[in-house]
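The residues making up each chain are set out below.
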Amino acid sequence: MSLNKYNQIYREISNDIQEGRYEKDDVLPSEHRLVETFDVSRETVRKALNLLQENGFIQKMKGKGSVVIYDSSMDFTVSHLTSFKEIQQLKTKRYTTLAVELEQYPAEQFPHVMQALGLSPEDRVWQLIRQRKHEGQTHIVDRDYFTVEMFPGLSTKIAEDSIYEYIEKKLGLTIAYSHKEITFDAMTDEETELFDHSGPPYVATVRSVVHLNDARPFQYNISKHLASEFKFVEFSRRFHGE
């Protein structure tokens, strides 16, 4: 176990919760049992449990113990930088991905992308459009832009599997952080066609710029969700003064 033992315990239990080994409303083993399991002091276990509580995995209840409050059924995460494929591995609602377009364009055709990625007008960018379908219905349309120079080997096959897995495992790059904003917008005619939608013509739009660990921006993403299907889930805890 690492020097920071309580963080190691936190990571192990939080992974167990996210992967469904502990479900919502389950009670974790007692502090005494955790002390024995991890061969650490009670203080170390309590630090790990406090961290789990602060991050929305458990709630410590007097007379009951540490109750799991994490709900893995969330539709979309905005506070973590996670690939769509990774999200699917944690969810019961299954989607298929269809790459509608993967084409190269001059960056100058997309001024917002050019500015966000720090490109010159003559630079080339990939425009990738993907539909995320559930039971034949498109729920999400992702429009992504990547620099051709950085990712010359991008393909439809990679796009329909996991671009983040390709970037990190094949190219050996590290994805670090992103900036996101959420708005609600009327559908364009193109989006109405992509969504095959006859209901209320509105989408929840999440725009993000994603950076590598050397601070280079490499992706501009516009993710549009049916407004009727979009659910923003975030955990917040009120901290009281001592």
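Residue positions within a chain follow its written sequence, with the count starting from 1. Restriction of local features to residues with pLDDT of at least 70 applies here, the model being predicted, together with a cutoff of 80 or more for giving and counting side-chain atom pairs; totals for whole chains, interfaces and linings are based on all residues. Only hydrogens and water are set aside; all other atoms, that is, all heavy atoms of the structure, feed into the side-chain values.

As recorded in an unreviewed UniProt entry, the protein chain goes by the name Trehalose operon repressor, listed as coming from Salinicoccus sediminis.

**Q** Give me the lowdown on the overall build of the protein chain, citing residues and values where you can.
**A** Numbering goes from the N terminus for both helices and strands, where a helix is a DSSP run of H or I of at least four residues and a strand is a run of E of at least two. Looking only at helices and strands, the protein chain features eight helices and eight strands. Expressed as a percentage of its 242 residues, the buried residues of the protein chain come to 42%. Per-residue and other accessible areas follow the Shrake-Rupley method at a 1.4 Å probe size, with only the shown protein chains counted as cover for residues. Accessible surface for the protein chain amounts to roughly 14000 Å². Of this, 47% is attributable to carbon and sulfur atoms. Buried residues are those whose accessible area, probed at 1.4 Å on protein chains only, stays under 20% of the maximum for their type, while exposed residues exceed 50% and partly exposed ones sit between those limits.

**Q** Go over unusual backbone geometry with me, naming the residues and quoting the values.
**A** Positioned with a positive phi, Asp25 is a non-glycine residue whose angle comes to about 80 degrees. Residue placement: Asp25 occurs in the loop between α1 (5-18) and α2 (31-38). Non-glycine residue Ala215 carries a positive phi angle of around 80 degrees. Among the structural elements, Ala215 can be located in the loop between β7 (202-212) and β8 (217-226). Given the relative accessible area of 42%, Ala215 is considered partly exposed.

**Q** Explain the packing of aromatic side chains to me, using residue names and the numbers behind them.
**A** Note on aromatic pairs: each is described by the distance of the centres and the angle between the planes. Here a pair means two rings of Phe, Tyr or Trp (six-membered ring of Trp) with centres within 6.5 Å. Their orientation is stacked below 30 degrees between planes, edge-to-face above 60, and tilted elsewhere. Under the criterion given, the structure shown has eight aromatic pairs. Consider the rings of Phe146 and Phe151, whose centres lie 5.8 Å apart with planes at 90 degrees: the pair is edge-to-face. Like Phe146, the residue Phe151 is buried in the burial classification. Grouping aromatic residues by their ring pairs yields a cluster made of Tyr105, Phe110, Tyr145 and Tyr220.

**Q** Outline the confidence of the model for the protein chain, supporting the account with residue identities and numerical values.
**A** With 82% of its residues at a pLDDT of at least 70, the protein chain reaches an overall mean of 84. Contacts of residues 74-79 to residues separated by more than four positions or lying in other chains number 18 contacts, the stretch itself having pLDDT below 50. The predictor rates its confidence in each residue with pLDDT, a number between 0 and 100. Only heavy atoms matter for contacts: two residues are in contact if any of them lie within 4.5 Å across the pair.

**Q** Give a description of the pairing of β8 that names residues and reports values.
**A** Counting buried positions over the ten residues of β8 gives nine, a clear majority of the element. Pairing between strands is defined by DSSP: at least two bridges between the two strands are required. The pairing of strand β5 (residues 137-147) with β8 spans seven bridges and is classified as antiparallel. The residue of β8 that forms the bridge with Val141 is Lys224. In the sheet, β7 pairs with β8 via nine bridges, with the strands oriented antiparallel. If you follow Val206 over to β8, its bridge partner there is Ser223. Hairpin remark: β7 followed by β8, antiparallel, with four residues in the connecting loop; positive phi at Ala215, about 80 degrees.

**Q** With reference to specific residues and values, describe the packing of α2 against helix α3 (residues 42-54).
**A** Here an angle of 0 to 180 degrees is reported between the N-to-C directions of two axes, which are lines fitted to C-alpha atoms, with helices fitted over the stretch in contact. Packing of α2 against α3 leaves a shortest axis separation of 9 Å and a crossing angle of 110 degrees. Compared by their axis directions, α2 and α3 come out roughly perpendicular. For the pair α2 and α3, the contacting residues are Glu31, His32, Leu34 and Val35 in the first and Arg42, Val45, Arg46 and Leu49 in the second. Orientation labels follow simple angle bins: below 35 degrees gives roughly parallel, above 145 gives roughly antiparallel, 65 to 115 gives roughly perpendicular, and whatever is left gives oblique.

**Q** Provide a residue-level description of the pairing of strand β2 (residues 65-68), including the pertinent values.
**A** Relative to β2, strand β1 (residues 58-61) runs antiparallel, the two sharing four bridges. Within the sheet, the bridge partner assigned to Met61 lies in β2 and is Gly65. In textbook terms, the turn of a hairpin is the stretch between consecutive antiparallel strands, and for β1 and β2 this stretch comprises three residues, one of which, Gly63, has a positive phi near 85 degrees.

**Q** Requested: an account of the environment of Ala48, with residues and values cited.
**A** Tracing the chain through its elements places Ala48 in helix α3. On a C-alpha basis, the gap between Ala48 and Arg11 in space is 8.8 Å, while along the polypeptide they are 37 residues apart. Beyond its immediate chain neighbours, meaning those up to four positions away, Ala48 contacts Tyr6, Ile9 and Tyr10.

**Q** Describe α2, listing the residues and the values that go with them.
**A** Those residues of α2 that fall on the buried side of the exposure criterion are Leu34, Val35 and Phe38. Looking straight down α2, one finds that the buried residues subtend no more than 105 degrees of arc, so they occupy a single side. Opposite its buried face, α2 presents the exposed residues Glu36 and Thr37, each directed more than 90 degrees away. Where α2 is buried, its residues meet α1 and α3. In this context, the arc is that of the directions from the helix axis out to the C-beta atoms.

**Q** Describe in detail the pattern of salt bridges, supporting the description with residues and values.
**A** The term salt bridge refers to a side-chain nitrogen of Lys or Arg lying within 4 Å of a carboxyl oxygen of Asp or Glu. Evaluated as defined, the whole model comprises twelve salt bridges. The shortest N-O distance in the salt bridge between Arg21 and Glu19 comes to 2.5 Å. Between Glu190 and Arg143 there is a salt bridge whose closest N-O contact spans 3.3 Å. Residue Glu190 is found in helix α8 (residues 189-195), and its partner Arg143 is found in strand β5; the two are separated by 47 residues along the sequence. By relative accessible area, which is 41% here, Glu190 ends up partly exposed. Here the salt bridges do not stand alone but share partners, grouping Asp16, Glu19 and Arg21 into one network.

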